[in-house]
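Observations on the three-dimensional arrangement
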Amino acid sequence: MQLTQIVNGEVTELTLCEACAKSKGLFDPQSLSFAEQFFPEEFKKKIDNLVKELVQHKQNEQEQAQESVRTDMLTRCPVCDFTLELYRKTERFGCPDCYSVFGPEVNKGEETTSNSGAVDEVSPAIARKKLEQQLQAAIEREDYETAAILRDKLKKTD
Amino acid sequence: MNFKTLTKQASSWFKNPGGACDIIIGTMVRAVRNLRGHRFPGWSTAEGRKAVADILLPVLRELPGNKTGFEAEMKDLSYEQRRILLERKQLSHCMAARQDGCHVLINKKQDITYMVNEEEHLAIHFYESGTDNIQLTKQIQRARKTLAALEKRLDIAHNRRDGYLTSMPAESGSGLQLYTVLQLPCMSIAGMMQQVTRGLEKLMLNISPFYSELGDDTGHLYVIYTAPLICGGEEDMANHLRNIVYTLAEHEMQARLKMTSTEEGFSVLIDKISRAYGLLEYARRMEYAELINTLAMLRMGTVCGYVQPTDRSPNQFLAEMAACYPTMAPYNMQYITQDVAENCSQEILRPLLCRNLIKDVIFTQNTLNSEYE
């Protein structure tokens, strides 16, 4: 259903499916026009809440999508493309860097050390991926100061 | 060293097995290492394996004894050549199936095999033929010395928590594994091997037949091995395995003593040894598995004093018999005789060679070795 409201010259348009409209108590067009006519302020409040709810829902969906992308990053080794599913089937890893990527799964692997025993960073490919993720997150939360630092770090890895 | 020269020498497992005792054939330390930033061979491509080989081979060639040793890429080895190396126990089954970018190096003394791109980027087998006093700790030190020389020049994948990283996370740790090969004919005849297997499982050790492709009990030879060792526990495990090996050797001796102490047992034992002697003396056709079983009985008969060489020492005779294990194997015989896939002629040739082996060897049923009296 199409809902158009004009209050003090301000136009608000809303398109809702039948199920959503019913769940929000906006099914009967006649009652709507009645409410609009006799209780314009309450009606505006209700519509505002409805818009807020819908916007919030859309944001949640986006966050969930980003979360699933992040989860996918942890199920595939960026160095050798070996997947967590393959590890579960074969109990083998694709490369030494898989120890860092799938560490939580096997309860093993944190930082790697060289022969001398000194602690090294994880492989450049994994480090770059992590920086990219952090940069994306900083841009999304509009933390441009951190984003600039992360961008410079990324440039150094090139 | 070319392949023909390699096959002319006895493989390290069988050079001098047992010393004065025929029970302990030999020991082996397996060491594995992987390079950082490269896919494990099982998940790699031919190009990836080649890149790993290009890093490892120049370093391996510079190790002592390798310049004059044997080196080959697996794709250049024929099926028969791979089978010969398997018969000589100088190659793992996994490596025998490899192709491009996988290399095998065997040092001049033939007591170390280096395998590039086996299950791991580098797998090294250190062999020592059995003596009365096995020195597993010394062998571990020998392996460590070689590995330390390699680690100075290679970027080895290592993790503070897991130790040396391997393709199987459950096997990461020190990257070392210990093996011993025992010949236990009397315990096998007495039906004690199932009991031994259960006992070893409880002691965190594994047992499998040495000639698994020929049957479970061929030659009464068994491999007893540890799981891949954790960091810091190598010496303890070496002593643990050593103690178990000695205990088993003692049980085998006791089983022989027990058999000879009763009339029934003695008749069973002497029957098996005399049949083995008779087979080698009079057989006209002989399969490899039959030969291995026959030699096992004859070796036991020699140590017990029933079979005595007149022109050489019993130890020398034991070593000669042990050398027959790899040289009389089907593919090795085929290669030496250049007799292409003619099993029947091999079967005829084996008893002929064996008759030469037991020349000047007498069978004395009534003689008992002093240690059994």
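Residues numbered from 1 in each chain as written. Chains lettered and ligands numbered in written order. Predicted model: local features only at pLDDT ≥ 70, side-chain atom pairs only at ≥ 80, totals over all residues. Heavy atoms only, no water.

**A look at the overall build of chain A**
Worth spelling out the cut-off: Put simply, DSSP H or I for four residues or longer makes a helix, DSSP E for two residues or longer makes a strand, and each gets a number counted from the N terminus. Each residue's exposure class comes from its accessible area (1.4 Å probe, protein chains only) as a fraction of the maximum for that residue type: buried when under 20%, exposed when over 50%, partly exposed otherwise. The contact criterion used is simple: two residues touch if any of their non-hydrogen atoms lie within 4.5 Å. Exposure was quantified through the Shrake-Rupley algorithm and a 1.4 Å probe, taking into account, for residues, occlusion by the shown protein chains and nothing else.
What chain A contains, in helices and strands, is eight helices and three strands. The linear arrangement of helices and strands in chain A, starting from the amino end, is β-β-α-α-α-α-α-α-β-α-α. Buried positions account for 26% of the 158 residues belonging to chain A. In chain A, 36% of the contacts between residues at least 6 apart in sequence involve partners at least 24 apart. A total of about 10900 Å² of accessible surface is found on chain A, and carbon and sulfur atoms cover 52% of it.

**A few points about helix α8 (residues 144-157) of chain A**
Residues that lie three or four places apart on an α-helix share one face, since the helix turns once every 3.6 residues. Residue and element names in this part refer to chain A. Note the cut-off: Expected helix span is taken as 1.5 Å per residue step, with the number of steps being one fewer than the number of residues. Of all possible arcs, the one meant is that of the directions from the helix axis to the C-beta atoms.
Here α8 is 14 residues long and its end C-alpha atoms lie 20 Å apart, about the 20 Å a rise of 1.5 Å per residue gives. Every buried residue belonging to α8 is among Ala147, Leu150 and Leu154, and all of these are buried. Viewed along the axis of α8, the buried residues span an arc of 65°, placing them on a single side of the element. Seen from the open side of α8, the exposed residues pointing more than 90 degrees away from its buried face are Glu145, Lys155 and Lys156.

**Topic: the sheet that holds strand β9 (residues 205-209) of chain B**
All names here are of chain B. Rules: At least two bridges found by DSSP between two strands are what make those strands a pair. An axis is simply a line fitted to the C-alpha atoms; with a helix, the fit covers only the stretch in contact. Between two such axes, the angle follows the N-to-C directions and lies from 0 to 180 degrees.
Pairing is antiparallel in the open sheet, where eight strands are placed in the order β2-β3-β4-β5-β1-β8-β10-β9. Two strands lie at the open edges of the sheet, namely β2 (70-73) and β9, each paired on one side alone. Between one strand axis and the next, the sheet turns by 15° as a mean value, whatever way the strands run. One ladder, built from four bridges, connects β2 with strand β3 (residues 103-106); its direction is antiparallel. Paired with alanine 72 across the strands is valine 104, a residue of β3. In this fold helix α5 (residues 136-151) packs onto β1 (24-33), β4 (112-116), β5 (122-129) and β8 (176-183), with an angle of close to 145° to the strand it touches most, β5.

**Quick notes on the confidence of the model for chain A**
For the record, the criterion: Confidence scores here are pLDDT values: one per residue, from the predictor, ranging 0 to 100.
On average, residues of chain A score 71 in pLDDT, and 59% of them reach the 70 mark or higher. Across residues 108-121 of chain A, confidence stays below pLDDT 50; counting only partners more than four residues off in sequence or on other chains, it has 44 contacts.

**Quick look at the environment of arginine 30 of chain B**
Residue and element names in this part refer to chain B. Applicable threshold: Definition of a polar contact: a pair of N or O atoms within 3.5 Å, with one able to donate and the other able to accept a hydrogen when the atoms are protein atoms, and with sequence-neighbouring residues admitted only if both atoms are side-chain atoms.
Structurally, arginine 30 can be placed in strand β1. On the basis of relative accessible area, arginine 30 is assigned to the buried category, the value being 10%. In the structure, arginine 30 is positioned 287 residues away from phenylalanine 317 in sequence and 30 Å away in space, judged by C-alpha atoms. Those residues in contact with arginine 30 that sit more than four places away from it in its chain are Glu118, Glu119, Ala123, Ile124, His125, Gly175, Leu176, Gln177 and Tyr179. In this structure the side chain of arginine 30 is engaged in a polar contact, spanning 2.8 Å, whose partner is the side chain of glutamate 118. At a separation of 3.0 Å, a polar atom in the side chain of arginine 30 contacts the side chain of histidine 125.

**Some words on the nonpolar core**
Residues and elements named next belong to chain B. Heads up, the condition is: Only buried residues count toward a nonpolar core. Its members are Ala, Val, Leu, Ile, Met, Phe, Trp, Tyr and Cys residues joined through side-chain atoms within 4.5 Å.
Ranked by internal contacts, the top residues of the largest apolar core, which has 95 residues, are Leu60, Leu150, Leu298 and Tyr325. Here this core takes ten residues from helix α10 (residues 288-304), the largest share from any one element. Those residues in contact with leucine 60 that lie beyond four places of it in its chain are Asn66, Leu105, Tyr114, Val116, Leu122 and Leu150. Core analysis: the next-biggest nonpolar cluster, separate from the first, contains 18 residues, Val32, Met74, Leu85 and Ala96 among them.

**Topic: the packing of aromatic side chains**
Going by this rule: The pairing test for Phe, Tyr and Trp rings, Trp by its six-membered ring, is centres within 6.5 Å, and the orientation test on the planes gives stacked under 30 degrees, edge-to-face over 60, and tilted for anything in between. Remark: a charge is flagged as sitting over a ring if the NZ atom of Lys or the CZ atom of Arg is within 6 Å of the ring centre and within 35 degrees of the ring normal.
A full pass over the atoms with the stated rule returns 13 aromatic pairs over all chains. Seen from their ring centres, phenylalanine 82 of chain A and tryptophan 43 of chain B are 4.8 Å apart, and the 85° between their planes marks the pair as edge-to-face. Of the two residues, phenylalanine 82 of chain A sits in the loop between α3 (40-74) and α4 (84-90) while tryptophan 43 of chain B sits in the loop between β1 and α2 (46-61), which places them in two different chains. Classification of phenylalanine 82 of chain A as buried rests on a relative accessible area of 4%. Relative accessible area serves as the criterion here: at 28%, tryptophan 43 of chain B is assigned to the partly exposed category. Members of the aromatic cluster, each reached through a chain of ring pairs, are Tyr87, Phe93, Tyr99 and Phe102 of chain A. The ring of tyrosine 164 of chain B carries arginine 33 of chain B above its face, with NZ or CZ at 3.5 Å from the centroid.

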